[in-house]
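Examination of the molecular architecture
Spelled out, the chains give:
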Amino acid sequence: MALFIRKATCIPVTPLVQIKRFRGKINIQRPKPPHFAKAKFIELTRPWFLSKKYGKSPMELCSNLTDPRKDKQEERNIFQEIIAQDLHQRLKTSKLVVFCHYNPMTTDQQFSARVSFHKLKMYFKQYGKKTLELAVKGTPYEVLLDFYVSHNMTIFSPEPEIKKLLQVLKKFPQLILLAGIYENRLLSKEDLVKYSKIPNIQAAQSELVHTLNTAGSQLVSSLNRHQTTLVSRLEQRASQLEDNKS
């Protein structure tokens, strides 16, 4: 009996507790403002730092006065320098260099243009203005930078086949002829068309020989004209005298 009384009095009783939040859920996006004493303590203990703009004049604060890109050093592009050296070498060795404005073309049209120029042993290539600047800076070809304002194509020819080149350009209206270099001279479009109408060296030489022969024969005939006239008249007088004697 005493054992049962002891167990009944010594067993702890745990009450049933259910936790329930008062006044609904907490709004995280719009929290409730703290108590005045807590808010004052938070404001006093908030860390503060000096602004980067502190003590600077309005001129120093204006970010448009300085261009950060000017202070940035450009990285050296080895591949671009190699292309620029190849371009400079082609400008020196090619007997004819033509510059064309490049309008949009399809891939098939570009391939056809490259094949057409390749059949004439011409090199058809597009270069950027930065590459051209590396190639012609400080050389007599520096004036070419004025042509590279937009998209351009350059055509190199080992022989001065101006007439054949113009015939190929007529097939591709997207390539507009601007100028060219022939015998180290910068020629306009009109000059190139004029040069294309000049015959080749063999025809020009034969025409020159014919002109020289014609001039020589005319000179000989002019010098012998008086002598020939005198001889003919003397022969006529001699024949008249013979007729009178008979």
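Residues numbered from 1 in each chain as written. Predicted model: local features only at pLDDT ≥ 70, side-chain atom pairs only at ≥ 80, totals over all residues. Heavy atoms only, no water.

Regarding its fold elements, the protein presents 10 helices and 5 strands. Across the 246 residues of the protein, 20% fall into the buried class. Residue pairs at least 24 apart in sequence account for 79% of intrachain contacts in the protein once pairs closer than 6 positions are excluded. Carbon and sulfur atoms form 57% of the exposed surface of the protein, whose accessible area is close to 21300 Å². (Helix = DSSP H or I, 4+ residues; strand = E, 2+ residues; numbered from the N terminus. Buried < 20%, exposed > 50% of the residue type's maximum accessible area, 1.4 Å probe, protein only. Contact = heavy atoms within 4.5 Å. Areas by Shrake-Rupley, 256 points an atom, 1.4 Å probe, with all protein chains shown as cover.)

What follows concerns the nonpolar core. Counting residues in hydrophobic clusters, the biggest one holds 22 residues, and the most contacted among them are Phe117, Ile155, Leu165, Leu169 and Leu175. Taken together, the elements giving at least two residues each to this core come down to β1 (96–102), α6 (107–119), β3 (152–157), α8 (162–171) and β4 (175–182). Element by element, the count of residues in this core is highest for α8, at 5 residues. Each residue touching Leu175, except ones within four places of it in the same chain, is listed here: Cys100, His101, Tyr102, Met105, Phe117, Phe124, Met153 and Leu169. Residues Ala84, Leu87, Tyr141 and Leu145 belong to the second largest nonpolar core, which totals 15 residues. (Core = buried A, V, L, I, M, F, W, Y, C linked by side-chain atoms within 4.5 Å.)

One way to put it is that helix α5 (residues 78–93) packs onto helix α7 (residues 129–136) with a least axis distance of 8 Å and a crossing angle of 60 degrees. One way to sum up the angle between α5 and α7 is to call them oblique. By crossing handedness, the relation of α5 to α7 is classed as right-handed. Note on element contacts: α7 touches α5 through Lys130, Thr131, Leu132, Leu134, Ala135 and Val136, opposite Gln80, Ile83, Ala84, Leu87, His88 and Leu91. Considering only residue class, the contact of α5 with α7 consists of 8 nonpolar, 3 polar and 1 charged. (Axes fitted to C-alpha atoms, helices over the stretch in contact; angles between N-to-C directions. Parallel < 35°, antiparallel > 145°, perpendicular 65-115°, else oblique. Left-handed = near helix turned anticlockwise from the far one by under 90°. Nonpolar A, V, L, I, M, F, W, Y, C, P; charged D, E, K, R; others polar.)

What follows is about the packing of aromatic side chains. Summed over the entire model, instances satisfying the criterion amount to 4 aromatic pairs. Taking the centre distance of 6.2 Å and the plane angle of 35 degrees together, the rings of Tyr123 and Phe156 count as tilted. Separated by 33 residues along the polypeptide, Tyr123 in strand β2 (residues 123–125) and Phe156 in strand β3 bring together distant segments of the chain. Three or more aromatic residues link up through ring pairs in this structure, and these residues are Tyr123, Tyr127 and Phe156. Positioned above the aromatic ring of Tyr123 is the side chain of Arg90, whose terminal nitrogen or guanidinium carbon lies 3.7 Å from the ring centre. (Phe/Tyr/Trp six-rings, centres within 6.5 Å; stacked < 30°, edge-to-face > 60°. Lys NZ or Arg CZ within 6 Å of the ring centre and 35° of its normal.)

Further remarks concern the side chain of Ser94. The topology assignment puts Ser94 in the loop between α5 and β1. Classification of Ser94 as buried rests on a relative accessible area of 16%. Polar contacts involving the side chain of Ser94 include one to the main-chain carbonyl oxygen of Arg90, which spans 2.7 Å. The contact partners of Ser94, leaving out residues within four places of it in the chain, are Phe156 and Ser157. (Polar contact = N/O pair within 3.5 Å; in protein donor to acceptor, adjacent residues only side chain to side chain.)

Take the sheet that holds β1 next. Taken in spatial order, the 5 strands line up as β2-β3-β1-β4-β5 in an open sheet, and their pairing is antiparallel. Only two strands of the sheet have a single partner each, and these edge strands are β2 and β5 (185–188). Along the sheet, successive strands turn relative to each other by an average axial angle of 25 degrees, direction set aside. Of the strand pairs in this sheet, β2 and β3 are connected by 3 bridges, and their pairing is antiparallel. Considered in β3, the bridge of Lys125 is made with Thr154. Docked against the sheet, helix α9 (residues 189–196) engages β4 and β5, running at close to 95 degrees with respect to β5. (Pairing = 2+ DSSP bridges.)

So, to be careful, I would describe these as geometric facts and stop short of saying anything about function.
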